[in-house]
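As a plain string of letters, each chain reads:
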Amino acid sequence: QSCHRPAGQRASQEAGSRGLPEGVEYIPTRKKGKNPMKPVGVAWYSLYARTRLGYLFYLRQVKKARERYPHGHSVPQPYCFPGVKILPIPVLSNNYSYLVIDTGSSQAAVIDPSDPLAVQAAIEEEGVMLEAIFCTHKHWDHSGGNEVLCQKHSSCRVYGSALDAIPQLTNPLADREKVSVGCLTFEALATPGHTVGHMVYVLDGGPFGSPPCLFSGDLLFLAGCGRPFEGSHETMLASLDMAMGLGEDTLLWPGHEYALECLTFASLLELDNSALEQKLQWAVQQRQEKRSTCPSTLGEEQTYNPFLRTHRPELQEALGLWQGGGEDPDAFRARVLKEVRRRKDLYQAT
């Protein structure tokens, strides 16, 4: 596979903004009933996240996805910088794992290995040594491949938060702790909300002349964010704000291919957002060709992701929300976030 460099992303966006050819069929990224995290109640979430029933459901997901998408749900596009290669691995029906390779030493780390067969195939194709698994959180669609990969790679360590029940965890990480894999340096950032122990991982791009790379799990998607299953909206807002402090040039590598759904929802909130309209047209083209929509940049996300625009008067007005007299600004933004989340959940459920 040839590598794609970030400089080419803008050209792709501009090309895609012209829309679909006449007669081309739209290919959705998600079917009804395929997402175990739909809003079906606390009882189901508890079963999925905390019992063996969740693991059995995950195994069923894996089996069905392998049958339906024998080559993955999307066409992966590797990104290369001098000394590092990032390979998105499409797994399950809409998840992404990421193989991050130090090309000088052929040492590699994987983020959220959902399907161990798909990840192992990528490892073998690239001819690398798996040294680390970084898990963003405990949910099976992000951690289900840990055990099989650890059996195949005896020196591999599993990193994540001790606050989440991550399978095969060997090296619990604290907030802002750093881990090196070859010449790669990852920083773990605690981002509670989706789960109590959710973490994101930031690859330092400085040594490679690249921007930072944020592997965001279920904290942040292109034009979306994860549901706060185990935290308040105030907690989720603080985690999103922390991530946005990484800088506008930071590349966002999310845990799911939700771009088309999230952008379509966002377009219903902000009818006159030209950046949003252009990104939606580009995403339609990408998904029609079954191409991945990642990465975006955090700078881009601020222009169209409603979960990152809680401070914008145009979004607040569209939601019919106004800051109360004496209301703390962050408390008001959390109220805006809660309303965006409520509407997004209703949109998903329809």
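Note that the coordinates shown come from a computational prediction; the quantities given were computed from them, not determined experimentally. (Residues numbered from 1 in each chain as written. Predicted model: local features only at pLDDT ≥ 70, side-chain atom pairs only at ≥ 80, totals over all residues. Heavy atoms only, no water.)

Draft legend 1. Up close: the overall build of the chain. Tallying secondary structure elements over the chain gives 12 helices and 15 strands in all. Taking all 350 residues of the chain together, the buried fraction comes to 55%. Long-range contacts, defined here as pairs at least 24 residues apart, represent 64% of the contacts in the chain between residues at least 6 apart. A total accessible area of about 14,700 Å² is found for the chain, and carbon and sulfur atoms account for 52% of it. (Helix = DSSP H or I, 4+ residues; strand = E, 2+ residues; numbered from the N terminus. Buried < 20%, exposed > 50% of the residue type's maximum accessible area, 1.4 Å probe, protein only. Contact = heavy atoms within 4.5 Å. Areas by Shrake-Rupley, 256 points an atom, 1.4 Å probe, with all protein chains shown as cover.)

Draft legend 2. Examining a positive patch on the surface more closely. A cluster of basic residues, R60, K64, R68 and K290, forms a positive patch on the protein surface. Among the secondary structure elements, R60 is positioned in helix 3 (residues 52–68). (Patch = residues over 30% accessible without salt bridge, like charges linked within 9 Å, V, L, I, M, F, W, Y side chains within 5 Å. Salt bridge = Lys/Arg side-chain N within 4 Å of Asp/Glu carboxyl O. Lys, Arg positive; Asp, Glu negative; His and termini not counted. Charge placed at Lys NZ, Arg CZ, Asp CG, Glu CD.)

Draft legend 3. Just unusual backbone geometry, in detail. A cis amide bond links C294 to the next residue, P295, at an omega of 5 degrees. Tracing the sequence through the fold places P295 in the loop between helix 9 (274–288) and strand 15 (296–297). Of note, Q168 is a non-glycine position whose phi angle comes to about 65 degrees, a positive value. Summarising the element assignment, Q168 is placed in the loop between strand 6 (157–160) and strand 7 (171–172). Its identity is not glycine, yet A223 carries a phi of approximately 70 degrees, on the positive side.

Draft legend 4. Layout of the layout of surface pockets. Roughly 420 Å³ of volume is contained in the largest pocket. If you go around the largest pocket, you meet 23 residues; those closest to its centre are H71, G72, I89, P90 and A118. Counting only elements with at least two residues in the lining of the largest pocket, the list comes to helix 3, strand 2 (84–91) and helix 4 (116–126). Taken together, the residues of the lining of the largest pocket break down into 14 nonpolar, 5 polar and 4 charged. (1 Å grid on protein atoms, 1.4 Å probe; cavity = no way out; pocket = protein on both sides within 12 Å on 5 of 7 lines; lining within 4 Å. Points joined across faces, edges and corners; volume = space filled by probe spheres on them. Nonpolar A, V, L, I, M, F, W, Y, C, P; charged D, E, K, R; others polar.)

Draft legend 5. Region of interest: the packing of helix 8 (residues 259–269) against helix 9. The interhelical angle for the contact between helix 8 and helix 9, taken along N-to-C directions, is 150 degrees, at an axis separation of 10 Å. Regarding the angle of helix 8 to helix 9, the classification is roughly antiparallel. The handedness of the crossing between helix 8 and helix 9 comes out as left-handed. Mapping the contact onto sequence places L260, L263, T264, A266 and S267 in helix 8 and L276, K279, L280, A283, V284 and R287 in helix 9. Taken together, the residues that form the contact of helix 8 with helix 9 break down as 7 nonpolar, 2 polar and 2 charged. (Axes fitted to C-alpha atoms, helices over the stretch in contact; angles between N-to-C directions. Parallel < 35°, antiparallel > 145°, perpendicular 65-115°, else oblique. Left-handed = near helix turned anticlockwise from the far one by under 90°.)

Draft legend 6. Highlighting the sheet that holds strand 4 (residues 107–111). If you trace the 7 strands from one edge of the open sheet to the other, you get 1-2-3-4-5-6-7, paired in mixed fashion. The strands lining the two open edges of the sheet, one partner per strand, are strand 1 (79–81) and strand 7. As paired strands, strand 5 (residues 129–134) and strand 6 are joined by 3 bridges and run parallel to one another. Across the sheet, residue A132 finds its bridge partner in strand 6, namely R157. Sheet contacts for helix 4: strand 2, strand 3 (95–102), strand 4 and strand 5; angle to strand 2, the most-contacted strand, approximately 150 degrees. (Pairing = 2+ DSSP bridges.)

Draft legend 7. Main features of the confidence of the model for the chain. Of the residues in the chain, 88% have a pLDDT of 70 or more, and the chain-wide mean is 90. Within the model, the stretch residues 7–39 combines pLDDT values under 50 with 62 contacts to residues more than four positions away or in other chains. (pLDDT = per-residue confidence, 0-100.)

Draft legend 8. Focus on the packing of helix 2 (residues 42–50) against helix 3. The interhelical angle for the contact between helix 2 and helix 3, taken along N-to-C directions, is 80 degrees, at an axis separation of 5 Å. The orientation of helix 2 relative to helix 3 falls into the category roughly perpendicular. The residues of helix 3 that touch helix 2, namely those facing W44, L47 and Y48, are L53, G54, F57 and Q61. When the residues that make up the contact of helix 2 with helix 3 are grouped by side-chain class, the tally is 5 nonpolar, 2 polar and no charged.

Draft legend 9. Spotlight on the pattern of salt bridges. Taken as a whole, this structure holds 20 salt bridges when the rule is applied. Of the charged contacts, one joins E230 and R50 as a salt bridge, the two residues approaching to 3.7 Å between their closest N and O atoms. Note that E230 is positioned in the loop between strand 13 (224–225) and helix 7 (233–244) and R50 in helix 2, a separation of 180 residues in sequence. Taking the relative accessible area as the measure of exposure, R50 reaches 52% and is therefore exposed. A salt bridge links E314 to R312, with the shortest nitrogen-to-oxygen separation between them at 2.9 Å. One continuous salt-bridge network, built from bridges that share partners, spans E270, R309, R312 and E314.

Draft legend 10. Quick peek at helix 7. For helix 7, which comprises 12 residues, the first-to-last C-alpha distance of 16 Å matches the rise-based estimate of 16 Å (1.5 Å per residue) to within 8%. Among the residues of helix 7, those classed as buried are H233, M236, L237, S239, L240, A243 and M244. With its buried residues spanning 165 degrees around the axis, helix 7 presents them on a single face. (Expected span 1.5 Å × (residues − 1). Arc of directions from axis to C-beta.)

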